[in-house]
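Residue strings, one per chain:
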Amino acid sequence: MTENRFWQLNSHPKGNDFESALSLETSEMPKPKDGEVLIKNDYLSLDAGTRMWMTPRTDGYQPPLPLGSMMVGLCIGKVAESRHPDFKTGDIVRAFGQWADYSCVVPEMTGLVKIETDIDDIRQHFGVLGMNGWTAYWGLHETAKVKAGEAVLISAAAGSTGILACQIARNAGCRVYGLAGKDEKCRFLETEIGIVKAFNYKTENLEEAFQEIEGGINVYFDNVGGPILDSVFPNMALYGRIALCGLIAEYTADGPKGPQQFDQILMKRLTVTGFFSPDFIDQGPRLSKELRSSLEAGDVFIPFDETQGLENMLTAYKKLFTGGNIGKVVLKL
């Protein structure tokens, strides 16, 4: 192949209208410069957090992508050419590359790492052994410091991070509750993942439903923000902890909206802590070792929602915002 297809960000999307904002373009094959590595992408990870990079907001944990640039996301692939001393042709790697057939990256700037190939499914380096697994583990054990017997509520519980957080909290001996937007997802969480109860946030009065959680919610692992957070606040236990790692309800909004029941933080003496993967990316090897043991023991798993073909990227990406997936959304090239 002498050409490289890639998705280009042309404008800031309105809601979920990604087709009007991004286009599939073609350019000459990138030629790595000194210190760069060219990766032939095999898989691309689709993550809701990248939606923030498509906005003009400058107050996020990463600057917005300039219009006219390639869309960025995690990739797994094989090194096609290397001009960096730490990587050689044929290495299997993961990095923050581009939504493209090939990603040209600077290792030190993109988190490029060689990954273990002696696992049943290489996609687990996006899932249990990747950012989603790390985020779920860190948020529960390091940020929220969960304890056996506590009631833990997880939003977006059938998504890639939420589904792992449910299992990690369950394995820690917690009483786990989840939130999802479809009855089939709620049934999956209860029967396949083994949580105590899943609530359908689209059909239930959550503030009333949460009252059945005996003793209140000790830990809320939040991927969503928005109105659901307001339903959670009055049902938190005294001295409860909220670990906030995602705001999917806010990513497509006109601007951030503060919770209406903010006073409950004082009344319930709550601790609310935001955390992002850049905070603990240096702990990745340790977290992967811990999670791999659970994966191999069958104590944690993640289903994959796979779409094939770079040309179908936007169809797959939209699933993250319309509830069209259970588990990890990936694209295979």
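Everything that follows concerns the structure shown earlier in this document.
This report concerns the structure included in the present document. Model, not experiment: these values are computed from the prediction.

**Observations concerning the packing of helix H4 (residues 160-171) against helix H5 (residues 183-193)**
- Taken N-terminus to C-terminus, the directions of H4 and H5 make an angle of 35 degrees; their axes are 11 Å apart at the nearest point. The element H4 and its partner H5 pack so that their crossing is right-handed. Contact residues: H4 offers Ile 163, Cys 166, Gln 167 and Arg 170, while H5 offers Phe 188, Leu 189 and Ile 193.
- Broken down by class, the residue content of the contact of H4 with H5 amounts to 5 nonpolar, 1 polar and 1 charged.

**Describing helix H11 (residues 313-322)**
- Among the residues of H11, those classed as buried are Met 313, Leu 314, Ala 316, Tyr 317, Leu 320 and Phe 321. The arc that holds the buried residues of H11, viewed along the axis, is 165 degrees, so those residues lie on one side.
- Once H11 ends, the next one or two residues include Gly 323, with phi positive near 75 degrees.

**As for the pattern of salt bridges**
- A complete count under the given rule lists 16 salt bridges for this structure.
- Linking Lys 114 and Asp 91 is a salt bridge whose minimum nitrogen-to-oxygen distance equals 3.9 Å. With Lys 114 in strand E8 (residues 113-114) and Asp 91 in the loop between strand E5 (72-82) and strand E6 (92-98), the pair connects residues that are 23 residues apart, well separated along the chain.
- Overall, Lys 114 belongs to the partly exposed group, its relative accessible area being 49%.
- Here Asp 91 falls in the buried class, since its relative accessible area comes to 8%.
- With a shortest N-O distance of 2.5 Å, Glu 116 and Arg 292 are connected by a salt bridge.

**Regarding the pairing of strand E12 (residues 217-222)**
- Within E12, 6 of the 6 residues are buried, which leaves it mostly tucked inside the rest of the structure.
- For strand E9 (residues 151-154) and E12, the ladder comprises 3 bridges, and the chain directions are parallel. By the bridge assignment, Leu 153 is partnered in E12 with Tyr 220.
- In this sheet, strand E13 (residues 236-244) lies alongside E12 in parallel orientation, the contact comprising 5 bridges. Paired with Phe 221 across the strands is Ala 243, a residue of E13.
- Read from E12 through helix H7 (residues 226-232) to E13, the crossover connection turns out right-handed.

**Some details on the environment of Arg 241**
- By the element assignment, Arg 241 lies in strand E13.
- Here Arg 241 falls in the buried class, since its relative accessible area comes to 14%.
- For the pair Arg 241 and Arg 269, spaced 28 residues apart in the sequence, the C-alpha separation amounts to 9.1 Å.
- Dropping the residues within four chain positions of it, Arg 241 is found in contact with Ala 144, Lys 145, Val 146, Lys 147, Glu 150, Asn 218, Val 219, Tyr 220, Met 236 and Thr 271.
- Of note is the side chain of Arg 241, whose polar atom sits 2.9 Å from the side chain of Glu 150.

**A few points about the sheet that holds strand E2 (residues 22-28)**
- Strand order in the open sheet formed by 3 strands is E2-E1-E4, with antiparallel pairing between adjacent strands. With partners counted over all chains shown, the strands left at the sheet margins are E2 and strand E4 (69-70), one partner each.

**Digging into the sheet that holds E13**
- Strand order in the open sheet formed by 6 strands is E11-E10-E9-E12-E13-E14, and the pairing between neighbours is parallel. In this open sheet, the two strands that pair with only one neighbour each are strand E11 (197-200) and strand E14 (271-274). Averaged over all neighbouring strand pairs, the angle between strand axes comes to 15 degrees, with direction disregarded.
- Two elements, E13 and E14, share 4 bridges in a ladder whose sense is parallel. When the sheet's bridge partners are listed, Arg 241 is paired in E14 with Thr 271.
- Of the strands in this sheet, E9, strand E10 (175-180) and E12 are in contact with H4, which crosses E9 at around 170 degrees.
- With respect to the sheet, H5 is in contact with E10 and E11, its orientation differing from that of E11 by roughly 170 degrees.

So, how was this worked out
- Residues numbered from 1 in each chain as written.
- Predicted model: local features only at pLDDT ≥ 70, side-chain atom pairs only at ≥ 80, totals over all residues.
- Heavy atoms only, no water.
- Axes fitted to C-alpha atoms, helices over the stretch in contact; angles between N-to-C directions.
- Helix = DSSP H or I, 4+ residues; strand = E, 2+ residues; numbered from the N terminus.
- Left-handed = near helix turned anticlockwise from the far one by under 90°.
- Contact = heavy atoms within 4.5 Å.
- Nonpolar A, V, L, I, M, F, W, Y, C, P; charged D, E, K, R; others polar.
- Buried < 20%, exposed > 50% of the residue type's maximum accessible area, 1.4 Å probe, protein only.
- Arc of directions from axis to C-beta.
- Salt bridge = Lys/Arg side-chain N within 4 Å of Asp/Glu carboxyl O.
- Pairing = 2+ DSSP bridges.
- Right-handed = clockwise from strand over helix to strand, strands pointing away.
- Polar contact = N/O pair within 3.5 Å; in protein donor to acceptor, adjacent residues only side chain to side chain.

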